[in-house]
Amino acid sequence: MNLYVPILVLGAIAAAFAVFSVGVARFVGPRRINRAKLEAYECGIDPSPTPASGGGRFPVKFYLTAMLFIIFDIEIVFLYPWAVHFDVLGTYGLLAMALFLVNVTVAYVYEWRRGGLSWD
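Cut-offs applied
- Residues numbered from 1 in each chain as written.
- Predicted model: local features only at pLDDT ≥ 70, side-chain atom pairs only at ≥ 80, totals over all residues.
- Heavy atoms only, no water.
- Helix = DSSP H or I, 4+ residues; strand = E, 2+ residues; numbered from the N terminus.
- Buried < 20%, exposed > 50% of the residue type's maximum accessible area, 1.4 Å probe, protein only.
- Expected span 1.5 Å × (residues − 1).
- Bend = angle between axes of the 7 residues up to and from the residue.
- Contact = heavy atoms within 4.5 Å.
- Lys, Arg positive; Asp, Glu negative; His and termini not counted.
- Salt bridge = Lys/Arg side-chain N within 4 Å of Asp/Glu carboxyl O.
- Patch = residues over 30% accessible without salt bridge, like charges linked within 9 Å, V, L, I, M, F, W, Y side chains within 5 Å.
- Areas by Shrake-Rupley, 256 points an atom, 1.4 Å probe, with all protein chains shown as cover.
- UniProt positions renumbered as here; feature names shortened; annotations may be inferred.
- Arc of directions from axis to C-beta.
- Phe/Tyr/Trp six-rings, centres within 6.5 Å; stacked < 30°, edge-to-face > 60°.
- Axes fitted to C-alpha atoms, helices over the stretch in contact; angles between N-to-C directions.
- Parallel < 35°, antiparallel > 145°, perpendicular 65-115°, else oblique.
- Left-handed = near helix turned anticlockwise from the far one by under 90°.
- Nonpolar A, V, L, I, M, F, W, Y, C, P; charged D, E, K, R; others polar.

**Details of the overall build of the protein**
Working step 1: Check the secondary structure of the protein and you find five helices and zero strands.
Working step 2: Mapped in sequence order, the helices and strands of the protein form the string α-α-α-α-α.
Working step 3: When burial is assessed residue by residue, the protein has 7% of its 120 residues classed as buried.

See the structure below:
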């Protein structure tokens, strides 16, 4: 249990800082409420009362790009534990990570060749 005490203390400090920051901002921050602040913000463009062209649907390309980012981002996260314990894993760890990187590279090249990374 002694190994978890620093983690718990750090979590408590982070939570206390978050609560303190929100509390101070509520008391210290400006309270000038106007009509512009209450409107929806759409990337600097004035909100339109009519839906976007095509019934307000987004192209599937946006979702595919987001999914690609999430997939490759999560795959890259697996490199961190390997880098930390590289010296302990030895040859087996090196071969396993090489196979993993080949797998990620094949998926990346496949997606690139299919045009999944183009913005047009």
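**Thoughts on helix H5 (residues 86–113)**
Working step 1: Taking 1.5 Å as the rise per residue, H5 with 28 residues should run 40 Å; its terminal C-alpha atoms sit only 32 Å apart, a clear shortfall.
Working step 2: Along its length, H5 shows its largest kink, about 75°, at Tyr92.
Working step 3: Residues Gly93, Met97, Val104 and Glu111 constitute the buried set of H5.
Working step 4: The elements touched by buried residues of H5 are helix H3 (60–77) and helix H4 (79–84).

**Section: the side chain of Glu75**
Working step 1: Positionally, Glu75 belongs in helix H3.
Working step 2: No salt bridge is formed by the buried Glu75; the nearest opposite charge belongs to Arg114, separated by 16 Å.

**Re a nonpolar patch on the surface**
Working step 1: Residues Met67, Phe69, Ile70, Ile71, Ile74 and Phe78 make up a contiguous nonpolar surface patch of roughly 610 Å² in combined accessible area.
Working step 2: Within the fold, Phe69 resides in helix H3.
Working step 3: Using a relative accessible area of 58% as the deciding quantity, one classes Phe69 as exposed.

**Digging into the UniProt feature "transmembrane region" (unreviewed entry) in the protein**
Working step 1: UniProt records the feature "transmembrane region" (unreviewed entry) for residues 6–28, 62–83 and 89–110 in the present numbering.
Working step 2: Across residues 62–83, helical content stands at 95% and strand content at 0%; the span's end C-alpha atoms are separated by 32 Å.
Working step 3: From the first C-alpha to the last, residues 89–110 spans 30 Å; its make-up is 100% helix and 0% strand.

**As for H3**
Working step 1: Here H3 is 18 residues long and its end C-alpha atoms lie 26 Å apart, about the 26 Å a rise of 1.5 Å per residue gives.
Working step 2: Restricting attention to buried positions, one finds in H3 the residues Leu68, Phe72 and Glu75. For H3, the buried positions fall inside an angular range of 55° around the axis, keeping them on one side.
Working step 3: On its buried face, H3 is in contact with H4 and H5.

**Brief notes about the packing of aromatic side chains**
Working step 1: Summed over the entire model, instances satisfying the criterion amount to four aromatic pairs.
Working step 2: Arranged with centres 5.2 Å apart and planes meeting at 80°, the rings of Trp82 and Phe86 form a pair that is edge-to-face.
Working step 3: Its relative accessible area of 42% is what places Phe86 among the partly exposed residues.
Working step 4: Ring geometry for Tyr108 against Trp112: centres 5.9 Å apart, planes inclined by 45°, an arrangement best described as tilted.

**A word on the packing of H3 against H5**
Working step 1: Two numbers describe how H3 lies on H5: the axes approach to 11 Å, and their chain directions differ by 165°. Relative to H5, the element H3 lies roughly antiparallel. Considering how the two elements wind past one another, H3 and H5 form a crossing that is left-handed. When H3 is examined against H5, the residues Leu68, Phe72 and Glu75 are found in contact with a partner set consisting of Phe100, Val104, Ala107, Tyr108 and Glu111.
Working step 2: Its residues assigned to classes, the contact of H3 with H5 comprises six nonpolar, no polar and two charged.

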